[in-house]
Amino acid sequence: MSHDHVPHAASSLRDLGRKAMHSPKLLSREEVIRIAEHVLKGGEHASELEKEIAKKTTHNPEGVEADELVILGKKTLEDK
C-alpha cells in the first residue's frame, strides 16, 4: 500500500505556477483552468489584464497563448 502524501493545495498551485512560467504548453486543460480560477478568486489583487486573461482561459482553455499562461503563472506565484 502506498503512503504517498498528497500535496497541500497552495504548494500544488505554486508548482503549477512554476510549470506555467517555464513550460506553459505542457499544462493540461485542467491545470490551465485551475490557475485561471485561482487568479479570478484573488480578483481584487489581479490586474485588469490578468483578470481578462483568466476569464478568457476559463471559457476557452485550449485557445490561450503561452505568453498568457506565463502571466497567469507569475500571478499565481505572487499570491501567498
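Cut-offs and rules
- Residues numbered from 1 in each chain as written.
- Predicted model: local features only at pLDDT ≥ 70, side-chain atom pairs only at ≥ 80, totals over all residues.
- Heavy atoms only, no water.
- Helix = DSSP H or I, 4+ residues; strand = E, 2+ residues; numbered from the N terminus.
- Buried < 20%, exposed > 50% of the residue type's maximum accessible area, 1.4 Å probe, protein only.
- Contact = heavy atoms within 4.5 Å.
- Core = buried A, V, L, I, M, F, W, Y, C linked by side-chain atoms within 4.5 Å.
- Salt bridge = Lys/Arg side-chain N within 4 Å of Asp/Glu carboxyl O.

Asker: Would you explain the overall build of the chain in this entry?
Answerer: Check the secondary structure of the chain and you find four helices and zero strands. Ordered by position from N to C terminus, the α and β elements of the chain give α-α-α-α. Burial analysis of the chain (80 residues in total) assigns 35% to the buried set. Considering only contacts in the chain between residues 6 or more positions apart, those separated by 24 or more positions represent 54%.

Asker: Hey, could you run me through the side chain of K75 in this one?
Answerer: Tracing the sequence through the fold places K75 in helix 4 (residues 66-78). Owing to a relative accessible area of 5%, K75 belongs among the buried residues under this scheme. In this view, K75 contacts V39, H45, A46 and E50; residues no more than four positions away in its chain are not counted.

Asker: Can you help me understand the nonpolar core in this one?
Answerer: Generally speaking, soluble globular proteins have nonpolar side chains that are buried together. With 14 residues, the main nonpolar core has L27, I35 and L72 as its most contacted residues. Ranked by residues supplied to this core, first place goes to helix 2 (residues 29-41) with four residues. Residues in contact with L27, not counting those within four places in the same chain, are L16, K19, A20, V32, I35 and L69.

Asker: Explanation requested: the pattern of salt bridges in the structure shown.
Answerer: Where side chains of opposite charge bring their charged atoms close, a pairing between them can arise. The tally for this structure, following the rule as stated, stands at six salt bridges. With a shortest N-O distance of 3.2 Å, E31 and K19 are connected by a salt bridge. Highlighted residues: E31 in helix 2 and K19 in helix 1 (residues 9-22), separated in sequence by twelve residues. For K19, a relative accessible area of 30% translates into the label partly exposed. Linking R29 and E62 is a salt bridge whose minimum nitrogen-to-oxygen distance equals 2.7 Å. Note that R29 is positioned in helix 2 and E62 in the loop between helix 3 (48-59) and helix 4, a separation of 33 residues in sequence. With relative accessibility at 55%, the residue E62 sits in the exposed group.

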